[in-house]
Amino acid sequence: MIKVDFDFAGVCLNQDLQTCEKEMLLAHELIMNANGEGNDFLGWRDLPLQIENLLEIKNVAKKIREDNEILVVIGIGGSYLGARAVIEALSGAFESLKPKKESPLVLYAGENLSEDYMADLLGILQTRDFSLCVISKSGTTTEPAIAFRILKKALEEKYGKDKAKNRIVAITDKSKGVLRGLANENGYKTFDIKDDIGGRFSVLTPVGLLPVAVAGYDIEALMQGAREMREVLINDKSMSNPAWQYAAFRNILYNKGKKIEVFLTYLPALQYLSRWWQQLFGESEGKNGKGLFPVCLLNTTDLHSMGQYIQEGERIMFETVLQVKNNNKKVDIPYDQENKDGLNYLLSHSLNQINKIALKATQQAHIEGGVPQMRIEVEKIEEKTLGAVLYFFEFACALSAYALKVNPFNQPGVEAYKNNMFKLLGKI
């Protein structure tokens, strides 16, 4: 389902990978035996086996689909990125412009503090039937808390308080926190976020599954893909384990002086999957003065903005390419009798084939320029494959962080800017 390929690394890693085997085994055992730092946040590990609430999620999603043109997902970081990654990957590029949509359009709030963005969103919601899905363990994270207050008021003004409460779903802590209190007081439909699952590892909980189901996608297939990937990753205790390979590769290069991992895709549909990956690894490893700096780029677009630096700038980076083997659609290059643009030589190629040739050419150029590259290949973009990809990166991230000797599941540095902001705003 997932293949990790080092043939394009540009350096021989066989000996290094063999040396890493004991390190990966130790990290693997820390995950499976729950005896490493942050072991009270390993609930994500067995999520693919926990499918008992899928029917309830699907039923709530069905009701939202029947009554709404828009669902606004309110959350930040892991509270929205996973769902958006899956929805954007599966949606057509111009899905929102279709005159008749079978599913509500999923929009997002609480991931920024832009007044213009909120004003534009409110303007759209005035003319459409909408519901809210607010996601927060505490209910006090500044960005989503502000967004929820504003959007709840708009919802109540449009439908009245009694009807508005039936258009709000709260995904929050089971028993504590401001949002849980509001949900209990007002009778919102709720789903629980378990204490042992952090936000960036929550995509396979209702946090990700409900918005994905509302958007019309198969959450059972998503979980099946994750379940099959889990079976592979937990049982293979060797360097043939793809998560071991990926974690070992990135740590080998980090120890050789590489400081930046550039995560590349060649499909616009995967841009938010890249951003989900970026948060996952950035928050999990960037602590104690350690960790690769994760950067995500989209080619061939970014070849025309960042390609020069990657080719000839400082040799401080390596690339991880997520490649999709089979595309879902096909567009051929048309014949032009005049051929003034000189493109008739491409008639034997589809756009997808040209895209793959661009990937191969870039790969060769960057390796020759001293930028190691690894390829992670999947068959195609579909729910089952995406479930496998999400679980793969979660498991590999935990492995990699433990090998780096940092706690994969905390984020103490995030509080620094919050405390400064509260002081400047006069809260403390």
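Up top you'll find the structure we're talking about.
A brief structural summary. Just so you know, the residues in each chain are numbered from 1, in the order the chain's sequence is written. It should be noted that, the model being predicted, local features are given only for residues of pLDDT at least 70 and side-chain atom pairs only at 80 or more, the latter also being counted only at that level, while totals for whole chains, interfaces and linings use all residues. Each side-chain value is worked out from all heavy atoms of the structure, with water and hydrogens disregarded.

Focus: the packing of helix H1 (residues 14–33) against helix H10 (residues 242–255)
Keep this limit in mind: With axes taken as lines fitted to C-alpha atoms, and helix axes fitted only over the stretch in contact, angles between N-to-C directions fall between 0 and 180 degrees. By definition, any uninterrupted DSSP run of H or I lasting at least four residues is a helix, any uninterrupted run of E lasting at least two residues is a strand, and each is numbered from the N terminus. What makes a crossing left-handed is the near helix being turned counterclockwise from the far one by less than a right angle; a clockwise turn instead makes it right-handed. Should any heavy atoms of two residues lie within 4.5 Å, those residues are considered in contact. Lys, Arg, Asp and Glu make up the charged group, whereas Ala, Val, Leu, Ile, Met, Phe, Trp, Tyr, Cys and Pro make up the nonpolar group; the residues left over, Gly among them, are polar.
It is at 10 Å that the axes of H1 and H10 come closest, and there the two elements cross at 115 degrees. At the point where H1 passes H10, the crossing takes the right-handed sense. Residues Asp16, Leu17, Cys20, Glu21, Met24, Leu25 and His28 of H1 pack against Trp244, Ala247, Ala248, Phe249 and Ile252 of H10. Here the contact of H1 with H10 is composed, by residue class, of 9 nonpolar, 1 polar and 2 charged.

Focus on the nonpolar core
Rules: Only buried residues count toward a nonpolar core, which is a set of Ala, Val, Leu, Ile, Met, Phe, Trp, Tyr and Cys residues joined through side-chain atoms within 4.5 Å. Buried residues are those whose accessible area, probed at 1.4 Å on protein chains only, stays under 20% of the maximum for their type, while exposed residues exceed 50% and partly exposed ones sit between those limits.
Residues Trp44, Leu210, Trp276, Phe392 and Phe393 are the most contacted members of the largest nonpolar core, which totals 100 residues. Here the element with the most residues in this core is helix H14 (residues 383–404); it accounts for 16 residues. Formed by 21 residues, the second largest nonpolar core is a distinct cluster that contains Val72, Ile74, Ala147 and Leu179.

As for the pairing of strand E3 (residues 105–109)
This is how it is decided: Two strands pair under a simple rule: DSSP has to find at least two bridges between them. Whether a crossover is right-handed comes down to one check: with the strands pointing away from the viewer, does the path from the first strand over the helix to the second run clockwise; if it does, it is right-handed.
Bridge count between strand E2 (residues 70–74) and E3: 5 bridges; the pairing is parallel. Each bridged residue has a counterpart across the sheet, and for Ile70 the counterpart in E3 is Leu105. Each parallel crossover has a hand, and the one from E2 via helix H3 (residues 81–90) to E3 is right-handed.

Concerning the sheet that holds strand E5 (residues 168–173)
With parallel pairing, 5 strands are arranged side by side in an open sheet as E3-E2-E4-E5-E6. Of all strands in the sheet, those with a lone pairing partner are E3 and strand E6 (189–193), marking the two edges. Neighbour-to-neighbour, the strand axes of this sheet turn through a mean angle of 20 degrees, independent of strand direction.

Some remarks on the side chain of Ser284
Where we set the bar: Polar contacts, as used here, are pairs of N or O atoms within 3.5 Å; protein pairs need one atom able to donate a hydrogen and one able to accept it. Residues neighboring in sequence count only if both atoms are side-chain atoms.
For Ser284, the location among the structural elements is in helix H11 (residues 271–285). Side chain to side chain, Ser284 and Arg200 meet in a polar contact 2.8 Å long. Of the polar contacts made by the side chain of Ser284, one reaches the backbone oxygen of Leu280; its length is 2.6 Å.

Topic: a nonpolar patch on the surface
Worth spelling out the cut-off: Residues form patches when they are more than 30% accessible in relative terms and have no salt bridge. Like charges link within 9 Å. Nonpolar side chains (Val, Leu, Ile, Met, Phe, Trp, Tyr) link within 5 Å. Residue-level accessible areas treat just the shown protein chains as cover; the underlying method is Shrake-Rupley with a 1.4 Å probe. What counts as a salt bridge is simple: a side-chain nitrogen of Lys or Arg found within 4 Å of a carboxyl oxygen of Asp or Glu.
A contiguous nonpolar surface patch, about 250 Å² in accessible area, is contributed by Leu113, Ile146 and Ile150. In this structure, Ile146 sits in helix H5 (residues 142–159).

Let's talk about the pattern of salt bridges
Inspection of every chain in the model, using the stated rule, returns 23 salt bridges. Among the ionic pairs, Asp5 bridges to Arg375, the shortest N-O distance being 3.1 Å. Of this pair, Asp5 sits in strand E1 (residues 2–5) while Arg375 sits in strand E10 (residues 373–378), placing them 370 residues apart in sequence. Measuring nitrogen to oxygen at the nearest pair gives 2.4 Å for the salt bridge that ties Lys189 to Glu56. Linking Lys189 in strand E6 with Glu56 in helix H2 (residues 54–67), this pair joins segments that are 133 residues apart in sequence. On the basis of relative accessibility, which here comes to 31%, the residue Lys189 falls in the partly exposed class. Each member of the salt-bridge network shares a partner with another, and the members are Arg45, Asp46 and Arg230.

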